[in-house]
Amino acid sequence: MIEICDQHGQKVSDSEKQLSNKIESFANLQSFKSAMTGKLGSNTETINGTKMYVAYSPVKLTSTTWAVLLMDTYY
């Protein structure tokens, strides 16, 4: 699943059609916090009780930084 988050961690868009209208925040994830500081990388995080692999990247939009999070179940 790919999540695009604004500078506050709020989901702006995602790759899952059935979840597109669900309001979600990723502000508490270390991956989001790292992306907001300009870092690119990956780690594992527990999201809603499920261990997930999360790859993250900052996206600079004029004077604002957003984040792209790629998440998949960690096996």
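Everything quoted here is computed from the prediction, not taken from an experiment.

Calculation notes
- Note that residues are indexed from 1 along each chain, following the sequence as it is written.
- Where totals are concerned, whole chains, interfaces and linings use all residues; where local detail is concerned, this predicted model gives features only for residues with pLDDT of at least 70, and gives and counts side-chain atom pairs only at 80 or more.
- The basis for every side-chain value is the complete set of heavy atoms in the structure, and neither hydrogens nor water enter the calculation.
- The term nonpolar core refers to a set of buried residues drawn from Ala, Val, Leu, Ile, Met, Phe, Trp, Tyr and Cys, joined through side-chain atoms within 4.5 Å.
- Accessibility here uses a 1.4 Å probe with only protein chains present; expressed as a share of the type maximum, an area under 20% marks a residue as buried, one over 50% as exposed, and anything in between as partly exposed.
- Secondary structure follows DSSP: runs of H or I at least 4 residues long count as helices, runs of E at least 2 residues long count as strands, and numbering of each begins at the N terminus.
- By definition in these notes, contact holds between two residues if any of their heavy atoms fall within 4.5 Å.
- Any Lys or Arg side-chain nitrogen found within 4 Å of a carboxyl oxygen on Asp or Glu counts as a salt bridge.
- Residue-level confidence of the predictor is summarised by pLDDT, bounded by 0 at the bottom and 100 at the top.

Residues Cys5, Phe26, Leu29, Phe32, Ala35, Ile47, Met52, Val54, Tyr56, Ala67, Leu69 and Met71 constitute the largest nonpolar core, which totals 12 residues. Secondary structure elements with two or more residues in this core: helix H1 (30–36), strand S4 (50–61) and strand S5 (64–73). Here Phe26 is in contact with Glu3, Cys5, Gly9, Lys11, Phe32, Leu69 and Met71, once residues within four sequence places are set aside.

The next subject is the pattern of salt bridges. Enumeration according to the criterion identifies two salt bridges in this entry. We note a salt bridge from Asp14 to Lys11, for which the minimum N-O separation is 2.9 Å. Judged by its relative accessible area of 12%, Lys11 is buried. The salt bridge involving Glu24 is made with Lys11; its shortest N-O contact spans 3.2 Å. Here Lys11 lies in strand S2 (residues 11–14) and Glu24 lies in the loop between S2 and H1, a separation of 13 residues in the sequence. Three or more residues are tied together by salt bridges with common partners; here these are Lys11, Asp14 and Glu24.

This prediction gives the protein chain a mean pLDDT of 91; 95% of its residues lie at or above 70. The secondary structure element of the protein chain with the lowest average pLDDT is S2, at 88, and the one with the highest is H1, at 97.

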